[in-house]
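Examination of the molecular architecture
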Amino acid sequence: MTMFANASLPTTPLHAAVLQSFARKRRIAFAVPLMILAYLIYASISFDLAGLAARARIDNAAILLSDFWSHKTHVTRDNRTGQVVVAIEGENKGTYPKGMQPDWVSINGDVTTIDLGAGHIVTYDLAGARMVVPSYGTINIREVGGKPVLDAPLPIPDWISVAPNKVSVTTDAGRFSYSRSKVETFKYQAGWELWFFTLDSPFYGKSLADMAYLATIGPRLDETRLNAAYMLSEWWNNRMWQHGVVVWAIFETILMAFLGTMSAAIVSLPLGFLAARNFMPLGFLRGAVRRMFDFIRGVDGLIWTVILSRAFGPGPMTGAIAIALTDTGSFGKMFSEALENIDEKQVEGVQSTGANALQRARFGVIPQVMPVLLAQVLYYLESNTRSATVIGAIVGGGIGLLLTQAIVTQKDWEEVAYYMVLIVLMVMLMDSLSGWLRRKLIKGA
Amino acid sequence: MVDIAFGPTPGPRPDMNDPKSAYMEMVRRKRMYGGILLLLFMALLYSGWVLADDRNAGGFWDGLPNILDFPAEVFSEAWRDRANLAPIFAQHVPSLIETLNIAAVSTLLGALFAIALSLLATRGLARWPRLIPVFRRTMDAMRAIPEIVIALVLIYILGGGPVPAVIAIGLHTGGALGKLFSEVAENADLKPIEGLQSVGATWIQRMWLGVMPQVAPNWLSYALLRFEINLRASAILGFVGEGGIGHDLKLAMQWGQGRYDSVVAIFALLFVAIVVVDQISDYFRHRLVKGH
């Protein structure tokens, strides 16, 4: 042992070489992490990480998170006409019809009382509006000369913001704001409201037992059809959540992935034979097919998608063709490599029985490469389900389009949350489907 | 033997005196099933295309003759203005570098994340064997969420720029590489690790000195492949969201006629970048895996 470390011994060339290689490895072990660190520092400067903190909108994150699990109901009074409107998310589609309102709102002539819960009570009347906050007091707003005048216990806490023309109050129970034109109260409640039926549906607000009764033995609400069918159609055509549209969009996305992947596989198989050294003796043709694969892969899905949407217009077929075209390049390369790696003995065995070229390919080659090809095709099917979401956003089809539209409006975050959940479920479903098929079709996988 | 092959339940048995016809019968049945499946599959594929064609804004046969119109228009205009191309190239190189940087940083961060996750999720190597399912499910979830979902949400929260794309692609990369890394690490020889353990090495030392040297070539090869994929992903995310050459392409496309020289320049830059990266990564992957 000591011999190794003893420097006074004459160093043999082997000894020196080993030491040198150790030193080199040690240098690399330090240099690589240092280089990575240096690159990351450069990147964080070039990406302007420092400026990110200023641009980040944490309040947007809060909106997003609260919309994930809750909804808000707006109770708005127009200060000019005195009209009071109760609307879920402030949308037309979620407006309560006249004479119908949630039980926490009561409208009595000109006086509207809103119970936000936990003792927070908002009242609108002719003099103005007031909000009672337990543990603080009454925030009274009167309208004087067209401007809101605040009258509240001093000192004014920071959750009440006062501007010349607007007073707003933010509490855990809800938000309240008064401006010249209108007075608004937002109440937050858990859950996605109207997910099953919108307010104008006869099934809105029915309990589970009532629904079961109506669906089975109850009298028909609509003479022309069964209650169960009526229910299903009310849910399917829900104007707020548009379940019918969403289900179609998910289906379109899966359709794009399926059509694209399978068509690419069917087209690439014969082309793969043309590009494999052991099946295509003509060098120039083989080279041409291979360069074509390289070209298709090099141009990339993004550019193909852009070119194809110009020719075929928006829709799922354009997306399917884009996926098919892009994958033809990848499949062609992989298939031809698989074909070059086959065992020639089986082909010779088939040939010895007098089989022609087609029969040799069918019985000597295909059984060998099938498991490899199928595994690759199924992997692509699964990953293309994800790509189809993105491609859908570009070509204008499927769930990707719905998602980007919902995000661009920056309003319907509960719908964004809904779509995200659906996309993840869809991808997981395709994941397990392709895994199941792989196990089913490929023995030993 | 026959009972083993055909199961214990009584039923028709092949005639052992006539093995040829029994064999042919079996082959025929197999082919029939295969044929029916193939037919079903083709019918599904065909009706799928018909349906997709129906729901598309433009039909397939109407669009097919026009497929070259757009490239022809773009290239002819670019050819007319070819004198402009050189400055336009120079103008878009910074965005190309940004796209490359997004791909590289997200691959790097994703790979670092994947190393930690995969070692924690590999049987025989894990620091806390009981938590293996937790880390595996984490990787599954990271893989399942498409990049665009994370990117768009992060753009809303963080504002524009390349960081949302880096986080989105990096998370996906972490999940995807984590799975592959863990498959490689499963096959690592445990003897060096036991040797290190016997001299009192900590878990990190065992992984760094015992596992890493064994798996590094394969891991690097997978990471390079992922870099190719991420380059494409970052171009696409730029087109849908913000940042990089994809965004430039979208802007140039929105300008439409008169700016097609930019479109061509961006197409060309992207094409060259992808081909060069593919070639370099191909070369290194061959060297890493084949060892020469």
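Residues numbered from 1 in each chain as written. Chains lettered and ligands numbered in written order. Predicted model: local features only at pLDDT ≥ 70, side-chain atom pairs only at ≥ 80, totals over all residues. Heavy atoms only, no water.

**Thoughts on the overall build of chain B**
- The number of helices and strands found in chain B is 12 helices and 0 strands.
- From first element to last, N terminus to C terminus, chain B shows the α and β order α-α-α-α-α-α-α-α-α-α-α-α.
- On C-alpha atoms alone, chain B measures out to a radius of gyration of 27 Å, which is more than a quarter above the 19 Å that the 2.2 N^0.38 rule sets for 292 residues.
- Its C-alpha atoms put chain B at 85 × 65 × 45 Å along the principal axes.
- Out of the 292 residues in chain B, the part that is buried amounts to 46%.
- Within chain B, residue pairs in contact and separated by at least 24 positions form 72% of the contacts whose partners lie at least 6 positions apart.
- Of the side chains in chain B, 25 bear a positive and 24 a negative charge, and the two mean positions are spaced by 10 Å. (Helix = DSSP H or I, 4+ residues; strand = E, 2+ residues; numbered from the N terminus. Rg over C-alpha atoms; globule rule 2.2 N^0.38 Å. Buried < 20%, exposed > 50% of the residue type's maximum accessible area, 1.4 Å probe, protein only. Contact = heavy atoms within 4.5 Å. Lys, Arg positive; Asp, Glu negative; His and termini not counted. Charge placed at Lys NZ, Arg CZ, Asp CG, Glu CD.)

**A short note on the sheet that holds strand β7 (residues 137–144) of chain A**
Residue and element names in this part refer to chain A.
- With antiparallel pairing, 6 strands are arranged side by side in an open sheet as β3-β4-β5-β6-β7-β8. Strand pairing shows two members of the sheet lacking a second neighbour, β3 (105–108) and β8 (147–151), which therefore form its edges. Each strand axis lies, on average, 15 degrees off the axis of its neighbour in the sheet, ignoring direction.
- Where strand β4 (residues 111–117) lies against strand β5 (residues 120–125), 5 bridges are found, and the strand directions are antiparallel. Note that in β5 the partner of Asp 115 across the bridge is Ile 121. (Pairing = 2+ DSSP bridges. Axes fitted to C-alpha atoms, helices over the stretch in contact; angles between N-to-C directions.)

**Regarding the pairing of β4 of chain A**
Residue and element names in this part refer to chain A.
- Note: β3 against β4, 4 bridges, orientation antiparallel. Its bridge partner lying in β4, Val 105 is registered against Ile 114.
- Where β3 hands over to β4, the hairpin turn is made up of 2 residues, of which Gly 109 adopts a positive phi near 65 degrees.
- In textbook terms, the turn of a hairpin is the stretch between consecutive antiparallel strands, and for β4 and β5 this stretch comprises 2 residues, one of which, Ala 118, has a positive phi near 55 degrees.

**Some words on the sheet that holds strand β10 (residues 166–170) of chain A**
Residue and element names in this part refer to chain A.
- Taken in spatial order, the 6 strands of this open sheet run β2-β1-β12-β11-β10-β9, and their pairing is antiparallel. Either end of the sheet is taken by a strand with one partner, and the two such strands are β2 (84–88) and β9 (160–163). Ignoring strand direction, the axes of neighbouring strands in this sheet form an average angle of 10 degrees.
- Summarising the sheet, β9 and β10 pair through 4 bridges and their orientation is antiparallel. Paired with Ala 163 across the two strands is Lys 166, which belongs to β10.

**Some thoughts on the interface of chain B and chain A**
- Listed by partner, the interface residues are 63 residues for chain B and 65 residues for chain A.
- For the pair chain B and chain A, the summed buried area comes to about 5700 Å², and 76% of that belongs to carbon and sulfur atoms.
- Sorting the residues of chain B by area buried against chain A places Trp 49, Arg 55 and Tyr 156 of chain B first, and these three jointly supply 14% of that buried surface.
- Inspection of the chain B/chain A interface yields 3 salt bridges.
- For Arg 232 of chain B, the salt bridge is made with Asp 300 of chain A, and the minimal N-O distance between the two is 3.2 Å.
- Run the count over chain B and chain A and you get 13 residue pairs in polar contact (both at pLDDT 80 or more).
- In terms of residue count, helix α2 (residues 19–55) of chain B provides more of the side of chain B that touches chain A than any other element does, 11 residues in total.
- Residues that form the side of chain B that touches chain A fall into these classes: 45 nonpolar, 9 polar and 9 charged. (Buried area = accessible area lost by both parts, 1.4 Å probe. Salt bridge = Lys/Arg side-chain N within 4 Å of Asp/Glu carboxyl O. Polar contact = N/O pair within 3.5 Å; in protein donor to acceptor, adjacent residues only side chain to side chain. Nonpolar A, V, L, I, M, F, W, Y, C, P; charged D, E, K, R; others polar.)

**Quick notes on helix α10 (residues 344–352) of chain A**
- The opening residue of α10 of chain A is Asp 343 of chain A, an N-cap whose side-chain oxygen sits 3.2 Å from the backbone nitrogen of Lys 345 of chain A.
- Gly 354 of chain A sits one or two positions beyond α10 of chain A and adopts a positive phi of about 90 degrees.

**Remarks on the pattern of salt bridges**
- The final tally for this structure, using the stated rule, is 18 salt bridges over all chains.
- Shared partners join several salt bridges into a network, and the residues in it are Lys 333 and Glu 337 of chain A together with Glu 228, Asp 282 and Arg 285 of chain B.

**A look at the domain arrangement of chain A**
- Parsing chain A into structural domains produces domain 1 (69–190) and domain 2 (243–441).
- If you average the C-alpha positions of domain 1 of chain A and of domain 2 of chain A, the two centres end up 55 Å apart. (Domains from an automatic or database assignment.)

**A word on the packing of aromatic side chains**
Residues and elements named next belong to chain B.
- Enumeration over the complete set of coordinates arrives at 16 aromatic pairs over all chains.
- Relative to Trp 61, the ring of Phe 60 has its centre 4.9 Å away and its plane inclined at 80 degrees; by these criteria the two rings are edge-to-face.
- Looking at Trp 61, the relative accessible area reads 65%, which means it is exposed.
- Ring centres 4.6 Å apart and planes at 10 degrees place the aromatic pair Phe 181 and Trp 219 in the stacked group. (Phe/Tyr/Trp six-rings, centres within 6.5 Å; stacked < 30°, edge-to-face > 60°.)

**Considerations on the packing of helix α11 (residues 357–395) of chain A against helix α13 (residues 413–441) of chain A**
Residues and elements named next belong to chain A.
- Look at α11 against α13: their axes get within 9 Å of each other, and the N-to-C directions meet at 175 degrees. Classified by the angle their axes make, α11 and α13 are roughly antiparallel. In this structure, α11 uses Leu 374, Ala 375, Leu 378, Tyr 379, Leu 381, Glu 382, Thr 385, Arg 386 and Thr 389 to contact α13, whose residues at the interface are Ile 423, Met 426, Val 427, Met 430, Asp 431, Ser 434, Leu 437, Arg 438 and Leu 441.
- Considering only residue class, the contact of α11 with α13 consists of 11 nonpolar, 3 polar and 4 charged. (Parallel < 35°, antiparallel > 145°, perpendicular 65-115°, else oblique.)

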